[in-house]
Amino acid sequence: MIVALFALTGLVGMVQAAGHEDAATSAVLIKNVNVFDGKSDQLIPRQDVLVKGNIIEAVGQHIAAPQGAITIDGNGRTLTPGFIDAHTHLQWNMGVTEHMFKPLDYQAALSLVEAESTLMRGFTTIRDVAGSIFGVKSAIDEGYFVGPRIYSGGAALSMTTGHGDFRSPSTMPRMMGGAGVTDVEYAGLVIFADGVPEVLTASRMQFRKGAHFLKVFTGGAVSGLYDPLDIAEYSLEELKAAVGEAERWNTYVAVHTYTDAATRMAIEAGAKTLEHANLITEKTVKLAAKKGVYISAQTALFMSPPPESFTLAQRDRQQQAKKGLDNLMTSCKKHKANVLFGTDMVGSMELKKLQVTEFTNRTQWFTNAEILRQATSVNAEVLALSGPRNPYPGKLGVIEKGALADILLVNGNPLEDISILTKPDENLALIMKDGKIYKNTIE
């Protein structure tokens, strides 16, 4: 089993990472680069960046290399923070039905493969918003496998007939004689909770597993079986129960929502991030901006071909959500709402290769600098909302002294041509996470 898993995740990548172990404990000096610091509109020209251990020690000109440091000449390339994807499902690499029949160790193995692919596309950190990914995260953090930093909400909370309910119509809920744990719950994707007491218990269970925040389904869905987009899921009291529990754990709630009614209720309940929100009105965008609520928008899922596993109804809802994107993004820009960079690619590993199209999709509404800020420093603000539940204390999403050393070197200038980021194999010359080099094509 161990040999098979190493083969699945790429033994070559593991050897590469192991070969640079010393780089995380000594120093790396990257010279002669133009820096996108995660916040600015322009590149900072002709800079050097010194990394010691897993921390950026200095950024400036003419930095001397410490004794024994690895020196890399960037030769005018663009240096950026590692990218952050604020809405991923690392476990969801197949259709819903397959999740019910494939062994969990198989699902974990595919998650590890996808984790390495995600890192090689330049995403050094992801926020996983529904799935059983804690073991995969531990294996990556402990150095057994290659992958990004992972912030996880554990299983998403769903009401009966809500977004996460993929049970057959004849399956009874447990309070009516049904099984105590159903297949989708056993897979760790969802946990069913009806009423305030069950919402509290389900929330506490996720924190027992190590969740960094909570994910709650509060409205209809594209990929759901029973819930059309127009419905609101969970009552205000149930939502407030989840938010209150998260606050007692000094973290926050992310809510899945599409319609304006469900979105406004989530804001009223105290949710901090709104996942999707495609059918929101300008008035509610203005309210979210006023309250500092983050809108976790995605385009890749809606502007890409639907997964083969999608039904006709799911495909129709995908198009319905796609039509709401322009109003969502235009309103967010008008009212200066905090917009996160997420992709929400699900259904197959082949489809997840389109994760990088999120960069170019957004150019309809945002400048290249705005998009890069969303994928770096703005996303990092939400990661920090997990407070003491933060698994990686320190600054992410920026290039500055004291920040964690998640760094990319890009062939070209993405502020001028962001499409170069859609070809990571060609244009990401160096990938560093936590001070370790996982890819280096610079001689």
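Since this is a predicted model, take the numbers as computed values, not measurements. (Residues numbered from 1 in each chain as written. Predicted model: local features only at pLDDT ≥ 70, side-chain atom pairs only at ≥ 80, totals over all residues. Heavy atoms only, no water.)

Chemist: Could you give an account of the overall build of the chain, naming the residues involved and the relevant values?
Modeler: If you tally the helices and strands in the chain, you get 17 helices and 18 strands. Relative to the 2.2 N^0.38 estimate, which gives 22 Å for 443 residues, the radius of gyration of the chain is 21 Å and therefore close to what a compact globule would have. Judged by the C-alpha coordinates and their principal axes, the chain covers about 70 × 55 × 40 Å. Looking at the 443 residues of the chain, the share that counts as buried comes to 59%. When the accessible surface of the chain is summed, it comes to about 17300 Å², and 54% of that surface belongs to carbon and sulfur atoms. A gap of 5 Å separates the mean positions of the 42 positive and 47 negative side-chain charges of the chain. (Helix = DSSP H or I, 4+ residues; strand = E, 2+ residues; numbered from the N terminus. Rg over C-alpha atoms; globule rule 2.2 N^0.38 Å. Buried < 20%, exposed > 50% of the residue type's maximum accessible area, 1.4 Å probe, protein only. Areas by Shrake-Rupley, 256 points an atom, 1.4 Å probe, with all protein chains shown as cover. Lys, Arg positive; Asp, Glu negative; His and termini not counted. Charge placed at Lys NZ, Arg CZ, Asp CG, Glu CD.)

Chemist: Could you give an account of the confidence of the model for the chain, with specific residues and numbers?
Modeler: Taken over all residues, the pLDDT of the chain has a mean of 90, while the share at 70 or more is 91%. Note that residues 1-25 has pLDDT below 50 and, in this model, 37 contacts with residues that lie over four places away or in other chains. (pLDDT = per-residue confidence, 0-100. Contact = heavy atoms within 4.5 Å.)

Chemist: I'd like to hear about unusual backbone geometry, residue by residue, with values.
Modeler: Unlike most non-glycine residues, asparagine 75 shows phi in positive territory, near 55°. Structurally, asparagine 75 can be placed in the loop between β4 (70-73) and β5 (78-81). The class of asparagine 75 is exposed, set by a relative accessible area of 58%. Unlike most non-glycine residues, lysine 336 shows phi in positive territory, near 55°. Its place among the elements puts lysine 336 in the loop between α13 (325-334) and β15 (338-342).

Chemist: Account for the pairing of strand β2 (residues 44-52), naming residues and giving values.
Modeler: In terms of strand pairing, strand β1 (residues 27-35) meets β2 through six bridges, oriented antiparallel. Paired with leucine 29 across the strands is leucine 50, a residue of β2. When β2 meets strand β3 (residues 55-60), the two strands line up antiparallel, connected through five bridges. Within β3, the residue paired with leucine 50 across the bridge is alanine 58. The antiparallel hairpin formed by β2 and β3 contains two residues in its connecting segment, where glycine 53 sits at a positive phi of about 60°. (Pairing = 2+ DSSP bridges.)

Chemist: Account for the sheet that holds strand β7 (residues 123-128), naming residues and giving values.
Modeler: With parallel pairing, three strands are arranged side by side in an open sheet as β6-β7-β8. The open sheet has two free edges, formed respectively by β6 (83-88) and β8 (149-152), since each of these has just one partner strand. In this sheet, neighbouring strand axes are inclined to one another by 15° on average, regardless of whether the strands run parallel or antiparallel. Summarising the sheet, β6 and β7 pair through four bridges and their orientation is parallel. Its bridge partner lying in β7, phenylalanine 83 is registered against phenylalanine 123. (Axes fitted to C-alpha atoms, helices over the stretch in contact; angles between N-to-C directions.)

Chemist: Provide a residue-level description of the packing of helix α7 (residues 196-209) against helix α8 (residues 236-248), including the pertinent values.
Modeler: Viewed as axis vectors pointing N to C, α7 and α8 meet at an angle of 30°, and their least axial separation amounts to 9 Å. In terms of orientation, α7 and α8 fall into the roughly parallel class. By crossing handedness, the relation of α7 to α8 is classed as right-handed. When α7 is examined against α8, the residues Val196, Val199, Leu200, Ser203, Arg204 and Phe207 are found in contact with a partner set consisting of Glu237, Glu238, Ala241, Ala242, Glu245, Ala246 and Arg248. A class-by-class count of the residues in the contact of α7 with α8 yields seven nonpolar, one polar and five charged. (Parallel < 35°, antiparallel > 145°, perpendicular 65-115°, else oblique. Left-handed = near helix turned anticlockwise from the far one by under 90°. Nonpolar A, V, L, I, M, F, W, Y, C, P; charged D, E, K, R; others polar.)

Chemist: Outline the packing of aromatic side chains, supporting the account with residue identities and numerical values.
Modeler: The final tally for this structure, using the stated rule, is nine aromatic pairs. Against the face of tyrosine 106 rests lysine 102, its NZ or CZ located 5.1 Å from the ring centre. Against the face of phenylalanine 213 rests arginine 127, its NZ or CZ located 5.4 Å from the ring centre. (Phe/Tyr/Trp six-rings, centres within 6.5 Å; stacked < 30°, edge-to-face > 60°. Lys NZ or Arg CZ within 6 Å of the ring centre and 35° of its normal.)

Chemist: Could you give an account of the pattern of salt bridges, with specific residues and numbers?
Modeler: As enumerated under the stated definition, the model contains 16 salt bridges in all. One salt bridge connects lysine 39 with glutamate 400, and the closest N-O pair in it is separated by 3.8 Å. Here lysine 39, found in the loop between β1 and β2, pairs with glutamate 400, found in the loop between α16 (368-384) and β16 (407-410); they are 361 residues apart in sequence, far enough to count as distant. Owing to a relative accessible area of 22%, glutamate 400 belongs among the partly exposed residues under this scheme. Put simply, aspartate 406 and arginine 149 hold a salt bridge, and the shortest N to O gap is 2.8 Å. With a gap of 257 residues between them, aspartate 406 in the loop between α16 and β16 and arginine 149 in strand β8 connect regions that are remote in the sequence. Judged on exposure class, the residue aspartate 406 and its partner arginine 149 are both buried. (Salt bridge = Lys/Arg side-chain N within 4 Å of Asp/Glu carboxyl O.)

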